[in-house]
Amino acid sequence: MKKRSKLMSALLALCLIIGIIPITASAQDTEKEAPDTTWTDEGNYDTGWYDADTTKDVFEISSAEQLAGLAKLVTTRTEQKNFSGKTIKLTEDIDLSAHKWTRIGYDSFRAFSGTFDGGGHTITGMDSAIPCIPPSPGETFPDANYARGLFGYVKDGNIKNVVLKNPSVINADKAYTSAVVGYARGCDITNCKVIDGNISGGSQMGGIVGLSVGGTISDCTVTNTNINGQANYVGGIAGFFANDGKTTTGDSRIIDCTVTGGEVTGSAHVGGIAGANTDGSTSPYNYGDEIRGCYANTSVTGETTRIGGIVGRMQNAFPGDTVVTVSECISGSKVTQTGKAAGNDTVGGIVGFADRNVNIESCYSTGNIEGQTFVGGIAGINNGEIEACYSTGNIKSRGGELGGITGRTQYGMVKNCYSTGNVTGQEKVGGIVGQLYGDSVENCVALGESVEGTANVNRIVGKKSDGTIGGCYASETLELSTGKPSPVGEKTVNGETISAAGVAVNKTLFPADKWTLRTGYYPTLTVLEGEDKPDQLTKIPGEWFALTLKTKVDGTEETVTSDFKLKVQGSQEPAVDYTENLQLLNGTYDIYIGETDTGKDITGDGQAIVVDIDYYTVSFYDGDVKYGDDTPQKMQTILDGQKAVKPEVPVKTGYTFKGWKAKGEEAFWNFDKNTLDGKAVKLTAEWEKEGTAIPPGGDDQGDKPEQVKPDSDKSAETGDKSNNVLWFMIMIAAGVTILIFRRKTSAGR
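Residues numbered from 1 in each chain as written. Predicted model: local features only at pLDDT ≥ 70, side-chain atom pairs only at ≥ 80, totals over all residues. Heavy atoms only, no water.

S.K.: Talk me through the overall build of the protein chain; I want residue IDs and the actual numbers.
M.R.: Secondary structure assignment for the protein chain yields five helices and 71 strands. Long-range contacts, defined as pairs at least 24 residues apart, comprise 75% of the intrachain contacts of the protein chain with a sequence gap of at least 6. Carbon and sulfur atoms provide 48% of the accessible area of the protein chain, an area that totals close to 34,200 Å². (Helix = DSSP H or I, 4+ residues; strand = E, 2+ residues; numbered from the N terminus. Contact = heavy atoms within 4.5 Å. Areas by Shrake-Rupley, 256 points an atom, 1.4 Å probe, with all protein chains shown as cover.)

S.K.: Could you give me a rundown of the sheet that holds strand β52 (residues 455-458), with the residues and numbers involved?
M.R.: The strands making up a sheet associate through hydrogen bonds between their backbones, and the pairing can be parallel or antiparallel. What the nine strands build is an open sheet, ordered β14-β19-β23-β27-β32-β37-β42-β47-β52; its pairing is parallel. At either margin of the open sheet sits one strand with a lone partner, and together these are β14 (205-206) and β52. (Pairing = 2+ DSSP bridges.)

S.K.: Any chance you could break down the packing of aromatic side chains for me, citing the residues and the numbers?
M.R.: Aromatic ring pairs are defined here through the distance separating the ring centres and the angle between the ring planes. Going through the model one piece at a time under the given rule, you end up with 26 aromatic pairs. Both rings, one in W49 and one in F59, keep their centres 5.7 Å apart while their planes meet at 70°; by these two values the pair is edge-to-face. Here the residue W49 occupies a position in helix α2 (residues 48-51), and F59 occupies one in strand β1 (residues 58-61), the gap between them amounting to 10 residues. The class of W49 is buried, set by a relative accessible area of 9%. Plain terms: the ring middles of Y390 and Y418 are 4.8 Å apart, the flat faces sit at 5° to each other, and that makes the pair stacked. (Phe/Tyr/Trp six-rings, centres within 6.5 Å; stacked < 30°, edge-to-face > 60°. Buried < 20%, exposed > 50% of the residue type's maximum accessible area, 1.4 Å probe, protein only.)

S.K.: Could you give an account of the pattern of salt bridges, naming the residues involved and the relevant values?
M.R.: Overall, the coordinates contain 12 salt bridges when judged by the stated rule. Among the salt bridges present, the one from D127 reaches K100, with a minimum N-O distance of 3.2 Å. Here K100 lies in the loop between β3 (94-95) and β4 (115-117) and D127 lies in the loop between β5 (122-124) and β6 (151-155), a separation of 27 residues in the sequence. The exposure class of D127 is partly exposed, given its relative accessible area of 24%. Accessibility expressed as a relative area gives 25% for K100, which makes it partly exposed. E529 is paired through a salt bridge with R518; the nearest N and O atoms lie 2.9 Å apart. Taken together, the positions of E529 in the loop between β59 (524-525) and β60 (544-553) and R518 in the loop between β58 (515-516) and β59 put the pair 11 residues apart, joining distant regions of the chain. Here the salt bridges do not stand alone but share partners, grouping R253, E290 and R292 into one network. (Salt bridge = Lys/Arg side-chain N within 4 Å of Asp/Glu carboxyl O.)

S.K.: Please provide a residue-by-residue account of the sheet that holds strand β62 (residues 564-568), values included.
M.R.: A sheet is described by the order of its strands in space; here four strands give the open sequence β63-β62-β65-β66, paired in antiparallel fashion. Taken across any chain shown, the strands that pair with only one partner, and hence form the sheet edges, are β63 (576-577) and β66 (596-604). Sheet topology places β62 next to β63; two bridges connect them, and they run antiparallel. Paired with L566 across the two strands is V576, which belongs to β63.

As structure tokens, then:
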């Protein structure tokens, strides 16, 4: 029994051991530890592709080991290769998850200076390592932890067609951090993509490049990537972009780049596309010239100041003739300031702070904007020019100076802009501008439901300290929280009142060179329309009716080219141009042709309305002969109830023109008084043979006859000759009759 018991115990123990073994192996398989080795460690990289023939101009690489070999060649201090004039092409997708990545290029002495073409192939699993190599002698970087990404430092090179998926670049509180290039000088970065990334560091960090000096970043996208900076200058594409500070022409731009999903956070100078184009100093960098055609739809959060849906700060270091621009950009981002700055807070839907000679053109923002002070739908503070922009998000401030377009305009101009969001703050609250210090606000419209605050609250400008206001309007339904508003008028802080229908097709407020107008919809920016752009179309709230105008001539439907306009009855707002399938908000409208009131009015109640516009012809005749279309007396088509145009006086040899008469009328037609009255009119010329006196009272019967000289000296004797012949014939007939009578009398005898 004891032996049997021992045997059973042994078998049981063996089973337990066997059962444990696969469980342990499975745990090891699923809990794979992050590598603690780097790709530039000995044995992990391959430089054979270069060593085989160093004279080539183009090198192709296809593996993670070969890409690591490029990093090794560029960063090796003894025989460093910068690849200037050379091109490296990636020909396959690669996975970098086996080791931690050590960037290509460390500093200005060990920089990559060639062209790297990623070929659109995907690089996955990049996890940036903390390098241990100290900076090169003479390098200004404090330590080698600066400039992190796939490339650390690129100088006078080009990076294009790189795709990074799931990159992780964690750089504590250090500067120049990004997924693609940490620090780029004189480098163009084109068509690069970052997907599902995680990037964190200190200052000057972005999804594509941390710092770009003197280069163009174009056609790059960042998707579902979190970019978190502990300090300043943080952007979805670039943390900081500037020129070289040596010329006034500038050469640094961000063009056609997109950021969607994820988040962008930092302390100050934070933007959905870029943190800033300057640090406010004169050396070593001055300004980036342009952001154009960019789209950001992410979460933008800053703690203190200069926070924008596209860029935190745009400044012009060379004021005068040079202009820095943000144009054709769209922000769908929610922009939030979480703390409070020591000075100006400046939070904007497009630009946080726009300095002098900074123009913001053809941009719009749809996200909600919230901050402490100086908060605007387009810019927090505007010292330049904002033109043809609009904002649809709600604007909220915990303090003051906020507006639907800009919180404060100090030295700049705002024109041809509109806002549809609600504006809520403390003091100096306006539907367009919170406080106007100088220059002007022109042709702008506030279309939100409400503007709320405790003091200096108005529909257009909260407080006007200086400058001018002109041609501005506010929605008839916009409400102010402060009760009775200031005086209303186009030059006042409250503007004139306008209906939504008036906004929809108003060419004065929204010029055709920048805006597309559709009845029933808010105006859209023409340059930002297209299949590759977000849909701008937004229906104007309210109950609408469709209006069709049909023109009839003498009772028959015909097309008549006329400048039809619709004007809200009793309103001073501009008239609405009629277009086919026009839609109008319910209400009563007068119909005009140009500046002429047709006498017709319509009242819409949500049902389609068809209105006949009647025209009648006025024809001119000489007896039974109608004057042709090639004569000054050609037929006219006149709106019912209006006057015909007096034609030139006709000419007839030997006669004087007396005037025009309608059939059955004794009086001459008076072109200054007579109007068309529901029927066509035939006017016949009345003539008088020269030399015959005008009957008494003839001058008082209508238009005075006009004397016309005969066009020759030939005497009009036709009538006299006819009379002489007639008398001669009568005398012959009488003689013949007498002769016959006498003969009959003689025969009777």
